Amino acid sequence: QVQLVESGGGLVQAGGSLRLSCGASGRTFSNYNLGWFRQAPGKEREFVAGISRGGGSTEYADSVKGRFTISRDNAKNTVYLQMNTLKPEDTAVYYCAADRGFRVALIARNIDYWGQGTQVTVSS
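All values derive from a computational prediction rather than experimental measurement. Per chain, the residues get numbers from 1 upward, laid out in the order the sequence is written. Local features in this predicted model are restricted to residues of pLDDT 70 or higher, and side-chain atom pairs are both shown and tallied only at a pLDDT of 80 or more, whereas totals for entire chains, interfaces and linings draw on every residue. For the side-chain quantities, the full set of heavy atoms in the structure was used; hydrogens and water were omitted.

Undergrad: Looking at this structure, how should I read the environment of Ser63?
TA: Helix and strand assignments come from DSSP, with helices taken as H or I runs of at least 4 residues and strands as E runs of at least 2, each series counted from the N terminus. You can see Ser63 is positioned in the loop between β6 (58-60) and β7 (68-73). Along the sequence, Ser63 and Ala40 sit 23 residues apart, while their C-alpha atoms lie 14 Å from each other.

Have a look at this one:
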């Protein structure tokens, strides 16, 4: 079992920044590709960003490329999502995810473990 706990969400004005963190406990953190998904009201959960086990490979959704950066610190069992130049359309619940497969562009149906989610609200 892997337990994932997100933090860092909140309310921010458009153009602002937030940094999400996701701490993990349980089985070996570095055995998993990690990522972030988000889900806005009335919409399906969508992939935002993914990072490989060693951190050398990353993938992003087109909607966040150039604005968001995913990183991980395996010594601290933590994955981060730095979000800059936030837009109102980034408003959603953001979920941390762990996948024992080999895709870095994660797919929701393949995720092995989910966090509980953290709300990000961007005001215009």
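Undergrad: Explanation requested: the packing of aromatic side chains in the structure shown.
TA: Given two aromatic rings, one states the distance between the centres and the angle between the planes to describe the pair. Classification of ring pairs uses Phe, Tyr and Trp, with its six-membered ring standing for Trp, and accepts pairs whose centres are within 6.5 Å; under 30 degrees between planes counts as stacked, over 60 as edge-to-face, and the remaining range as tilted. For the structure on display, the rule yields four aromatic pairs. Ring plane angle 70 degrees and centroid distance 5.0 Å describe the contact between Phe37 and Trp114, whose orientation is recorded as edge-to-face. One end of the pair, Phe37, is in strand β4 (residues 33-39); the other, Trp114, is in strand β10 (residues 113-114), and 77 residues separate them in sequence. Three exposure classes are used, based on accessible area relative to the maximum for each residue type with a 1.4 Å probe and protein chains only: buried under 20%, partly exposed in between, and exposed over 50%. Looking at Phe37, the relative accessible area reads 2%, which means it is buried. Taken together, a centroid distance of 6.3 Å and an interplanar angle of 85 degrees make the contact between Tyr95 and Trp114 edge-to-face.

Undergrad: Explain the state of the cysteines to me, please; I cannot follow it from the model alone.
TA: Disulfides are covalent bonds that link the sulfur atoms of two cysteine residues. Put simply, a disulfide is two cysteine sulfurs that come within 2.5 Å. Per the counting criterion, the structure on display carries one disulfide. The disulfide that involves Cys22 links it to Cys96, with 2.2 Å between the sulfurs. Disulfide Cys22-Cys96: torsion about the S-S bond near -85 degrees, hence left-handed. Of this pair, Cys22 sits in strand β3 (residues 18-26) while Cys96 sits in strand β9 (residues 92-99), and the two are 74 residues apart along the sequence. As far as burial versus exposure is concerned, Cys22 and Cys96 are alike and both buried.

Undergrad: Even after reading the chapter, I still don't get the pairing of β7, so can you show me in this structure?
TA: Here is the key point about a regular strand: its side chains alternate between the two faces of the sheet. Side chains Phe68, Ile70 and Arg72 project from β7 onto a buried face, and the interleaved Thr69, Ser71 and Asp73 project onto a face without burial. Two strands are counted as paired when DSSP detects at least two bridges linking them. Bridging between β7 and strand β8 (residues 78-83) involves six bridges; their strand directions are antiparallel. Bridging from a neighbouring strand, Arg72 pairs with Val79 of β8.

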